[in-house]
Amino acid sequence: MESFIQSFGESAKTALGFFWKAGWAFVLGYFVSGMIQAFVPKGKLTKYMGGADFKSISLSTFFGAASSSCSFAALAAARALIKKGAHFIAGVAFMFASTNLVIELGILILIFLGWQYLAAEIVGGLVLIAISSVLIRLTYPKSWMEAARKKVESEGSDLEEDFNWKKRIKSKEGWQLVGHKFVNDWKMAWEDILIGFTIAGFVAVLVPQSFWTALFLADAQHLPGWLVAVENALIAPFVAASTFIGSMGNIPLATVLNENGVLFAGIMGFIYSDLMVPPLVHINAKYYGWRVALYIAGIMYISIVLTALILNGLFSAFGIVPESARVVSEITQFKIDYTFWMNIVFTFIAGALIWLNKKYLQNHEMKMMEMESGGKLKKVAVILFILINLVGLSLFAYTQLL
């Protein structure tokens, strides 16, 4: 019993340590994201996204990278793009870019895995979009997509109209909008962050290395390396889907996989699979119908596996396969270092942005768009995970007093 109490407490402490390490990065990332969303005009872009050509896909990629990293927001925005006339391929490119190429995700990868994985994430994100675009062009079920477009024509909110960004960036209303975007991004993402970081903390402590070694064939020395890489790439999306974690929440768990010997191909496949989780597939089914949602999931799975293997082969050929030396127990330590001071500074920045959001709401009496979420099951899970963390931290404090 004493061992269980100690492990439970250490798990909660590790989960909190993950968030402590990333706290300032979340604020910085969502602050920059809020500025991009507030000051980058989008209204004129959609008219160039109606085709499946390079320009359309490039604009969608740029638009996605300039958006929020919240997976649920990515799906809603992609639906809005399609409603405005964007091609389906452009919509998928947007979804991948908005969950793999956004600044806040990049900062998180840099902190937890290192710059090599950040470089791989950026290169792989572009490869992922290219592969999915080609696959859709080769397999595009036109009648399905026409039916799906008709389904969304009367649903969802339109994208914001165009504006003068030079005028907006000089106005107090523009910066109040930045605060509003910042708070909205947090409202959409905090549940995924809570669940993801808690799962990562408990997995890091409670799941033995032998489990990951067996699952990802880490000790299969009798098998050729390329075959192990293929197995890792094939299984990683299913591992990611089983966690039910969105784009920001799966980075700490990717760090756990990295520490336990999972290959580069498996880790990248895991990171790219944030849109494969069941709640997001279900939301796509609500938007476009089940056959289109499963088609999207299939395209994503094939694209993710191919991207992970291409990255593995490419980086291996040049001898630059990233090998993070980050250890979970070291990352989650609480000490007076740069993380401490950055968290203090960005706590004040977060407070200022929350105040700007309050001013924005005072000046704009409007009904906000209702964002899709994980539903009742996710709300129950959030409450459960909060209780788990509170109990765990209490047990950790108790063990320290013994």
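Described in the following lines is the structure provided in the data block.

Procedures and definitions
Residues numbered from 1 in each chain as written. Predicted model: local features only at pLDDT ≥ 70, side-chain atom pairs only at ≥ 80, totals over all residues. Heavy atoms only, no water. Helix = DSSP H or I, 4+ residues; strand = E, 2+ residues; numbered from the N terminus. Areas by Shrake-Rupley, 256 points an atom, 1.4 Å probe, with all protein chains shown as cover. Phe/Tyr/Trp six-rings, centres within 6.5 Å; stacked < 30°, edge-to-face > 60°. Buried < 20%, exposed > 50% of the residue type's maximum accessible area, 1.4 Å probe, protein only. Axes fitted to C-alpha atoms, helices over the stretch in contact; angles between N-to-C directions. Parallel < 35°, antiparallel > 145°, perpendicular 65-115°, else oblique. Left-handed = near helix turned anticlockwise from the far one by under 90°. Contact = heavy atoms within 4.5 Å. Nonpolar A, V, L, I, M, F, W, Y, C, P; charged D, E, K, R; others polar.

1. Observations regarding the overall build of the protein chain
Reasoning step 1: Counting secondary structure elements, the protein chain contains 18 helices and 0 strands.
Reasoning step 2: Summed over its atoms, the accessible surface of the protein chain is roughly 18400 Å², and 67% of this surface lies on carbon and sulfur atoms.

2. Brief notes about the environment of Phe346
Reasoning step 1: Of note, Phe346 is situated in helix H17 (residues 338-363).
Reasoning step 2: Residues Phe346 and Ala25, 321 residues apart in the sequence, show an inter-C-alpha distance of 8.5 Å.

3. Some details on the packing of aromatic side chains
Reasoning step 1: Applying the stated criterion across every chain, the model contains 16 aromatic pairs.
Reasoning step 2: Between Phe88 and Tyr295, the ring centres sit 6.5 Å apart and the planes meet at 35 degrees, which makes this aromatic pair tilted. Of this pair, Phe88 sits in helix H4 (residues 88-100) while Tyr295 is found in helix H15 (residues 290-317), placing the two residues 207 residues apart along the sequence. For the pair Phe88 and Tyr295, one class covers both residues: buried.
Reasoning step 3: Plain terms: the ring middles of Phe340 and Trp341 are 4.9 Å apart, the flat faces sit at 85 degrees to each other, and that makes the pair edge-to-face.
Reasoning step 4: Given a relative accessible area of 22%, Phe340 falls into the partly exposed group.

4. Brief notes about the packing of helix H5 (residues 103-112) against helix H12 (residues 251-259)
Reasoning step 1: Put simply, H5 and H12 touch, their axes get as near as 10 Å, and they point 30 degrees apart. As judged from the angle between their axes, H5 and H12 are roughly parallel. As for the relative orientation of H5 and H12, their crossing is right-handed in sense. Across the interface between the two elements, Leu105, Leu108, Ile109 and Phe112 from H5 touch Ile251, Pro252 and Thr255 from H12.
Reasoning step 2: Considered class by class, the residues forming the contact of H5 with H12 number 6 nonpolar, 1 polar and no charged.

5. Things to note about the environment of Lys172
Reasoning step 1: Tracing the sequence through the fold places Lys172 in helix H9 (residues 172-206).
Reasoning step 2: Considering only alpha carbons, one finds Lys172 and Tyr360, 188 residues apart in sequence, at a separation of 9.5 Å.

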